[in-house]
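# Examination of the molecular architecture
As a plain string of letters, each chain reads:
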Amino acid sequence: MGLIVQKYGGTSVATVERIQAVAQRIVQTVAQGHQVVVVVSAMGHTTDELIALAKAVNPQPSPREMDMLLSTGEQVSIALVAMALEALGQPAISLTGTQVGIITEADHGRARILHIPTDRIRQELEQGKVVVIAGFQGISSSRTLEITTLGRGGSDTSAVAIAAALGADGCEIYTDVPGILTTDPRIVPDAQVLPQVTCEEMLELASLGAKVLHPRAVEIARNFGVPVVVRSSWTDEPGTRLITPTWRTIPHRDLEVARLVDGVELDDQQAKVALCNVPDRPGVAAQLFGALADAGINVDLIIQSIQAGATNDIAFTVQRSDLAQTEQVVRQFVGQWGDPVTCHVSAAMAKVSIVGAGMVGRPGVAATMFSALGEAGINIDLISTSEIKVSCLVDLANATQAVRVLSSSFKVPVLPPPEAAGEMTPVRGAALDDQQARLVIRHVPDRPGSAACIFLALAQARVSVDMIIQSERVTWIDGRPTKDIAFTIHQDDVERAQAALVPALAKLNCEYLAVDADIAKVSVVGSGMVRKPGVAARMFASLGQAGINIQMIATSEIKISCLVSRSEGKKALQVVHQGFALDQATG
Ligand code: ADP
Ligand code: ASP
Ligand code: MG
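Every chain is numbered on its own, with residues counted from 1 as its sequence reads. Written order decides the labels, with chains lettered from A and ligands numbered from 1. Where local features are concerned, this predicted model is filtered to residues with pLDDT of at least 70; where side-chain atom pairs are given and counted, the filter is 80 or more; whole-chain, interface and lining totals use all residues. To get the side-chain values, all heavy atoms of the structure are used, and hydrogens and water are removed first.

### Some words on helix 14 (residues 494-508)
Convention followed: Runs of E in the DSSP output that reach at least two residues are strands. Runs of H or I that reach at least four are helices, and both are numbered from the N terminus. A helix is expected to span 1.5 Å multiplied by its residue count minus one. The term bend refers to the angle at a residue between two fitted axes, each drawn through seven residues, those ending there and those starting there. Partly exposed describes any residue whose relative accessible area lies between the buried limit of under 20% and the exposed limit of over 50%, with all areas from a 1.4 Å probe on protein chains only and scaled to the type maximum. Whether two residues are in contact is decided by their heavy atoms, any of which lying within 4.5 Å being enough.
For helix 14, built from 15 residues, the straight-helix expectation of 21 Å at 1.5 Å per residue is met to within 8% by its first-to-last C-alpha distance of 20 Å. Considering bend angle alone, the principal kink of helix 14 is centred on Val502 and spans about 40°; proline Pro503 follows within four residues of it. Every buried residue of helix 14 is listed here: Val494, Ala497, Ala500, Leu501, Ala504, Leu505 and Leu508. Those residues of helix 14 that are buried lie in contact with strand 21 (436-445), helix 13 (450-460), strand 24 (480-490) and strand 25 (512-516). Positive phi shows up at Asn509, right after helix 14, with a value of about 55°.

In structure tokens, the structure reads:
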């Protein structure tokens, strides 16, 4: 006999019939001898409707009253599910977040869970009841009972957190698709179900727009080793298993805020190749990285920044031992592309990274890293960001100091570099995010602390930054070197970001340029791409063959993202999905 937490999403409880079907499934699980805790979302589009109602009364409702309103959606569905269970003769009790005593931060609308007492839940289970708990909600203190919500899609997080707190044997997320798919089925109908996915892959995919599982739920599963599956509410198919660590720790406090960063990593074998004035046309990146892949050279970070004219800058890193061969390949292209293209090689570089699932959605972590390096006088050459890792390329001479500074400012150990993937498929899934806008800041002084100044200002305004790209090209202003910095943020954050940047840009004495919302970001994710040549080349080739121009490129170890124009976003996702044969079922 085990203890199972089952979560049912909005569509799964959208109608009376569906609630009855859910009740049947719960009763079957009980009949198999399990104790069952159920977490439910609000029915159908209730939360959207409540938001519309609030906006009709007040265009800018206060966050406290908003939470008071939104938490009612889940209160309706828990009572109905409990009633449906009772109708089947199954004893059940519904509990709100307040009744369970789920304590969160006081941050209305995006509160993180701190503590889940389990005594009441266990008492009810012991009496043979199914316990039906409202997802998405908690209280900020057991004294004031102020109601909080976790943020849209947050019932997944409630479910996995409750499973962690109870030390449950499993957490099953029931939804309206058969599991986690290779991409969004609404855009690519032949997306396939993944039998399994790692937490790192899922964190990237979820944050890139695969809203099937809330990233914070994945973070909790990873941190506490909760076994999670995502399955369809309508069928008995096995769904997708999230590969979580085998350790099982039961969190007692600071459930979602305990660990921001796990450790610091160093790769001191990096070399950088920087190309300026590369022609800006479809297929160019594919040509270059295709030739490198053919030569068996594994490219680590790739960055292509935007330029005003008809040329781009592309910088990438390889292992130092591959540098001579890389240069040979690159020179051949520089010859072909003609005169204005320049190539600059830095053999002695190192990549320092901070890693940890706790940095998801916390904009301050990257900024803290940049400022720790800035204060130590270490200049950042390239930046690569992913959901759970921020890497900075620095001069090899600064590597040891960089690692020391980061390890002491985050109070974390130095970790060994990640292992090369075995025989995993290099790409597990693809995602499209067309909710982003790109900001470009021109003429940022190329000196320690500049990036920190910009990204601390954004972090203070609670703006999460996604891709960050620093140009290779140096422009001399008043005798000092400057570079351009481009980054992407959520469209809704543009005004807040602009306001937050005013003092920072004045301090850096730089010219603020453009906001461009006509972009879409297409990404591929897979743990199997670590140290495997040719993955980026294949993505660029798929886009190039479809005549889609790549405006910006940024990579991390397990993700490659390309910005394209918004109108080409869906097509880009489709060709990339096909290019990696993700439409063929995997075993
Ligand atoms: P629930 O209400 O059950 O929480 P959501 O609407 O939050 O369900 O999430 C499920 C939806 O996520 C699916 O209906 C699907 O349209 C969308 N989706 C986007 N990307 C993916 C993906 N990679 N795999 C599965 N579903 C995805
Ligand atoms: N009802 C909430 C929402 O729509 C929480 C959830 O469904 O996960 O965002
Ligand atoms: Mg959801």
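### Here we look at the pattern of salt bridges
This is how the line gets drawn: Salt bridge criterion: a side-chain nitrogen from Lys or Arg within 4 Å of a carboxyl oxygen from Asp or Glu.
Counting across every chain of the model gives 30 salt bridges. We note a salt bridge from Asp484 to Arg442, for which the minimum N-O separation is 2.6 Å. One end of the pair, Asp484, is in strand 24; the other, Arg442, is in strand 21, with 42 residues separating them in the sequence. No difference in accessibility class separates Asp484 from Arg442, as the two residues are buried. Connected through salt bridges with shared partners, the residues Glu265, Asp300, Lys351, Lys389 and Glu557 form a single ionic network.

### Quick look at the pairing of strand 11 (residues 228-232)
Selection rule: Two strands qualify as a pair provided DSSP detects at least 2 bridges between them.
Burial of strand 11 is extensive: four of the five residues sit out of reach of the surface. Both strand 9 (residues 170-175) and strand 11 contribute to a ladder of five bridges, which runs parallel. Residue pairing in the sheet places Tyr174 in a bridge with Arg231 of strand 11. The pairing of strand 11 with strand 12 (residues 240-243) spans three bridges and is classified as antiparallel. Across the sheet, the residue bridging to Val229 is Arg241, located in strand 12.

### A few points about the site of ligand 2
To keep it simple, the criterion reads: Any residue with a non-hydrogen atom lying within 4 Å of a molecule or strand is treated as near it. Polar contacts, as used here, are pairs of N or O atoms within 3.5 Å; protein pairs need one atom able to donate a hydrogen and one able to accept it. Residues neighboring in sequence count only if both atoms are side-chain atoms. Under the scheme applied, nonpolar residues are Ala, Val, Leu, Ile, Met, Phe, Trp, Tyr, Cys and Pro; charged residues are Asp, Glu, Lys and Arg; polar residues are all the others, including Gly.
Inspection of the region around ligand 2 gives Ser41, Ala42, Thr47, Glu74, Phe136, Arg152, Gly153, Gly154 and Ser155 as its neighbouring residues. Thr47 places a side-chain nitrogen or oxygen 2.8 Å from a nitrogen atom of ligand 2. At 2.7 Å from an oxygen atom of ligand 2 is found a side-chain nitrogen or oxygen belonging to Arg152. Its residues assigned to classes, the shell around ligand 2 comprises two nonpolar, five polar and two charged.

### Details of the site of ligand 1
Under the convention used in this document: Residue exposure ignores everything except the shown protein chains as possible cover, and the areas themselves are Shrake-Rupley values with a 1.4 Å probe.
Near ligand 1 there are 17 residues, and of these Lys7, Gly10, Thr175, Asp176 and Leu181 occur at the shortest range. Out of a free accessible area of 570 Å², ligand 1 has 88% covered by protein chains. For the shell around ligand 1, the residue count by class is seven nonpolar, five polar and five charged.

### A short note on the sheet that holds strand 1 (residues 3-8)
The line we're drawing: Geometry is summarised by axes, namely lines fitted to C-alpha atoms with helices restricted to the contacting stretch, and by angles between N-to-C directions that run from 0 to 180 degrees.
Pairing is mixed in the open sheet, where eight strands are placed in the order 3-6-2-1-9-11-12-10. At either end of the open sheet lies a strand with only one pairing partner, and these are strand 3 (92-95) and strand 10 (196-198). Taken over all neighbouring pairs, the strand axes of this sheet differ in orientation by 20° on average, direction set aside. The sheet contact formed by strand 1 and strand 2 (residues 35-40) spans six bridges and is parallel.

### Structural notes on unusual backbone geometry
A positive phi angle, close to 60°, is found at His443, a residue other than glycine. Relative to the assigned elements, His443 resides in strand 21. In this model, Arg462 sits at a positive phi of 60°, which is unusual for a non-glycine residue. Relative to the helices and strands, Arg462 resides in the loop between helix 13 and strand 22 (465-470). Using a relative accessible area of 39% as the deciding quantity, one classes Arg462 as partly exposed.

### Some details on the packing of aromatic side chains
What counts, and what does not: Each aromatic pair joins two rings of Phe, Tyr and Trp (for Trp, the six-membered one) with centres within 6.5 Å, and gets the label stacked for planes under 30 degrees apart, edge-to-face for over 60, and tilted for any other angle.
A full pass over the atoms with the stated rule returns six aromatic pairs. On the basis of an interplanar angle of 10° and a centroid distance of 4.9 Å, the ring pair of Tyr8 and Tyr174 is categorised as stacked. Of this pair, Tyr8 sits in strand 1 while Tyr174 sits in strand 9; the two residues are 166 residues apart in sequence, bridging distant segments of the chain. Here Tyr8 and Tyr174 have matching classes, each one buried.

### Examining the side chain of Ser542
Tracing the sequence through the fold places Ser542 in helix 15 (residues 535-545). Leaving out residues up to four positions away in the same chain, Ser542 has contacts with Val575, Val576 and Gly579.

### Comments concerning helix 16 (residues 569-579)
Residues of helix 16 that are buried: Gly569, Ala572, Leu573, Val575, Val576 and His577. At its buried positions, helix 16 is contacted by strand 20 (429-433), strand 26 (519-525), helix 15 and strand 28 (559-565). Ala581 sits one or two residues past helix 16 and shows a positive phi near 55°.

### Notes on the pairing of strand 6 (residues 130-134)
Burial analysis of strand 6 places five of its five residues in the buried class, which makes it a mostly covered element. Burial along strand 6 is two-sided: Val130, Val132 and Ala134 facing one way and Val131 and Ile133 facing the other are all buried. Bridge count between strand 2 and strand 6: four bridges; the pairing is parallel. For Val40, the partnering residue across the bridge sits in strand 6 and is Ala134. Of the pairings in the sheet, the one linking strand 3 to strand 6 comprises four bridges and is parallel in character. Counterpart to Ile93 in the pairing with strand 6 is Val131.

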